[in-house]
Amino acid sequence: MADVEMKNSDSAAAPKPSSGGKDTPAAKPPVSELLLALLRHNLALVHRSVLHLEARFAIRALRNLPTARKRVSEHPDVLARIISEAIPTDSAVGKELLSVLPKPYEPLTVAAPAASAAVGATSNATKKDEAMDVDTDGAAAASKTKSATDKASTSASSDAKSSSQQQQKPVDLSAKPSPEAQAELDAYLRLLVVVWLIDQGKADQALDLARRSVADTIASNRRSLDQLLAKTVFYLARAVELTSGTSGLAKERANLLALHLTSNLRHDTETTATIINLLLRSYIVEGNLYDQADKFVARAPFPRAQAGNLNICRYEYWVGRIRAVQLNYTAAHQHLQQAIRRGPQPTARVNTEGAADSNADDAKTTTTTTTSSTQTQPHSHPAGAGFLQTAYKFLVVVELLMGEIPERSIFRMDVLKRALAPYLEIVQAVRIGDLSLFQTCLNKHTALFQRDATYSLILRLRHNVIKTGIRMISLSYSRISLLDITRKLGLESEEDAEYIVAKAIRDGVIEAKVDHEKGTMISQERRDVYATEEPRKAFETRIEWCLGLRNDSVKAMRYSLNGGKGDELEKAEKARERQRQMVKEIADGDLSEDDEGGDWI
């Protein structure tokens, strides 16, 4: 009896194990392909927003705008490719957009997933070869074995041919024009082109394209375009400022007021909030018209419950600036705090020191890895760093005008350290009550304060510096002459010192009395702070803020369409049905009026 070895069949069927037992990492797709996939995903979200009548999908697509904007500026040919896919070839919008973009990008062909028929056939043939019984009857067994192997190889080759034909067909992942959502797709692609033109320094072309996009969107009058219209109007105003300078938005004020009226009539809350912020910017920054801005805020209600977080953040900032100019420092402080809390928060500094390890080699590896990652990925500021710096500048000045000293941690943030360095000098001068130091800092940074629009507010701090100096003197001396106060504060005469001390006593800054005949100030014993109204005011401020946060949270919650009254309506309908049934039984004589029919009467 001869044995037949099956080593060749086993070796052909089983693949050799790879060295080390590790899979090779997949190649990372190029940035162009990633950007193309991102834009296709955003178009799918816009299309889903139209089909499902849900604005949240469009909001998700617009939320990816900063990422798409950065990549589109590097690969504009991908944007041209997505425009050629999503807009029909005979559309005037597509021709207009493609005329300002480079040649469309040619994406990589993606093959269909390989069919498992050939692999399955090969494995089945191998299993048949391994399961064959070999005996001494060589002729019959050999013929059976040969015929089975030939059949398996024939089926495997036919399956392999069909699978190769399937692999040759590429998968079509391109975006398709959609008749029901074509207006939304056009508006989104126009927005991307406007942003790209602004980044390329072509503000004139971006302005013309944004105007046409806004006009077509308003003419469509579709509620699914509200989010896109608001973002387009925002970049329209940006293009106007880049084109016409500081006075450009003031010239655009008539068009913005007309758009504000249209958006209000159509209950487009996002566009209304965007236009309100733009109008406030035109009043305050470019026109210095705080009275008109205050009247506009009083007569144009802001849709706080429906507006986006960024629009609420900007609105709080503008209202805070208005209240600061109007000497309402408490309200200004609240609005500026809300603007900072709603704005982008600064990221914490990455700890570059490797964690201590018990093993020296592990510690060395950890330190090397951390250092290399820190060098390749430097600490980056958030996208809204400029807004945070501007808001904190006004917040610091308002806190000083309220008689408070800002926290030291504010000036230690990486985002704010350099921008708030001149304001730190002002804070130090106010804290110690040194009028000469305050005047030196003011003269040194006058141009910076005027550019930041905080110069007029800082000029008001002179009286606060004097009051702080008087408070420090009253705590240090029980009796001091007015001549010494004049020298310490750098005042012009003793009469000025007497008037300033008398006003400080009347305002409750210090507890003292002035001896006019002897020309001295006599400080009284300081009372306990808990015997005053300060603790109650502090608790009222905290309670008011908590209640405001609770009310905003309730307004932001999503409720059911029936308002929670579905169960009550259903119970009332069942009760009416029982009443009609009992009345019918009484009419038919099945139930007498004397019988107890429940409490339905």
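Residues numbered from 1 in each chain as written. Predicted model: local features only at pLDDT ≥ 70, side-chain atom pairs only at ≥ 80, totals over all residues. Heavy atoms only, no water.

Considering the overall build of the protein chain
A tally of regular secondary structure across the protein chain gives 28 helices and three strands. Here the protein chain, with 601 residues, has 36% of them falling under the buried criterion. Across the protein chain, every contact between residues at least 6 apart in sequence was considered, and the portion connecting residues at least 24 apart equals 66%. About 36700 Å² of surface is accessible on the protein chain, with carbon and sulfur atoms providing 52% of the total. (Helix = DSSP H or I, 4+ residues; strand = E, 2+ residues; numbered from the N terminus. Buried < 20%, exposed > 50% of the residue type's maximum accessible area, 1.4 Å probe, protein only. Contact = heavy atoms within 4.5 Å. Areas by Shrake-Rupley, 256 points an atom, 1.4 Å probe, with all protein chains shown as cover.)

As for unusual backbone geometry
Residues other than glycine seldom take positive phi values, yet Leu 53 does so here, at roughly 55°. Tracing the sequence through the fold places Leu 53 in the loop between α2 (31-52) and α3 (55-63). Exposure remark for Leu 53: the relative accessible area of 75% places this residue in the exposed category. At Leu 327, a position not held by glycine, the phi torsion is positive, near 70°. Among the structural elements, Leu 327 can be located in the loop between α16 (309-325) and α17 (329-342).

Quick word on helix α11 (residues 226-244)
The periodicity of an α-helix, 3.6 residues per turn, causes residues three or four places apart in sequence to face the same way. Helix length check: α11 (19 residues) gives 27 Å between terminal C-alpha atoms against 27 Å at 1.5 Å per residue, within 8%. Among the residues trailing α11, Gly 245 stands out with phi positive, at a value near 80°. (Expected span 1.5 Å × (residues − 1).)

Observations regarding the packing of α2 against helix α5 (residues 76-86)
Packing of α2 against α5 leaves a shortest axis separation of 10 Å and a crossing angle of 40°. As far as their axial angle goes, α5 and α2 are oblique. Handedness of the α2/α5 crossing: right-handed. Together, Ser 32, Leu 35, Leu 36, Leu 39, Arg 40 and Leu 43 of α2 and Val 78, Leu 79, Arg 81, Ile 82, Glu 85 and Ala 86 of α5 make up the contact between the two elements. (Axes fitted to C-alpha atoms, helices over the stretch in contact; angles between N-to-C directions. Parallel < 35°, antiparallel > 145°, perpendicular 65-115°, else oblique. Left-handed = near helix turned anticlockwise from the far one by under 90°.)

Observations concerning the nonpolar core
Counting residues in each nonpolar core, the largest one holds 128 residues, and the members touching the most others are Leu 189 and Phe 438. No other element matches the 12 residues that helix α9 (residues 182-199) contributes to this core. Once you skip the residues sitting within four places of it in the chain, Phe 438 turns out to touch Ile 426, Ala 429, Val 430, Ile 458, Leu 461, Arg 462 and Val 465. (Core = buried A, V, L, I, M, F, W, Y, C linked by side-chain atoms within 4.5 Å.)

Regarding the packing of aromatic side chains
Each aromatic ring pair is described using two quantities: the centre-to-centre distance and the angle formed by the ring planes. Going through the model one piece at a time under the given rule, you end up with seven aromatic pairs. Measuring from ring centre to ring centre gives 5.3 Å for Phe 234 and Tyr 235, while their planes differ by 85°; the resulting arrangement is edge-to-face. Looking at Phe 234, the relative accessible area reads 27%, which means it is partly exposed. A relative accessible area of 10% means that Tyr 235 is categorised as buried. Aromatic side chains Phe 302 and Tyr 315 sit 4.1 Å apart centroid to centroid with 10° between the ring planes, which places their arrangement in the stacked category. Of this pair, Phe 302 sits in the loop between α15 (290-299) and α16 while Tyr 315 is found in helix α16, placing the two residues 13 residues apart along the sequence. Across the pair, exposure class does not vary: Phe 302 and Tyr 315 are buried alike. (Phe/Tyr/Trp six-rings, centres within 6.5 Å; stacked < 30°, edge-to-face > 60°.)

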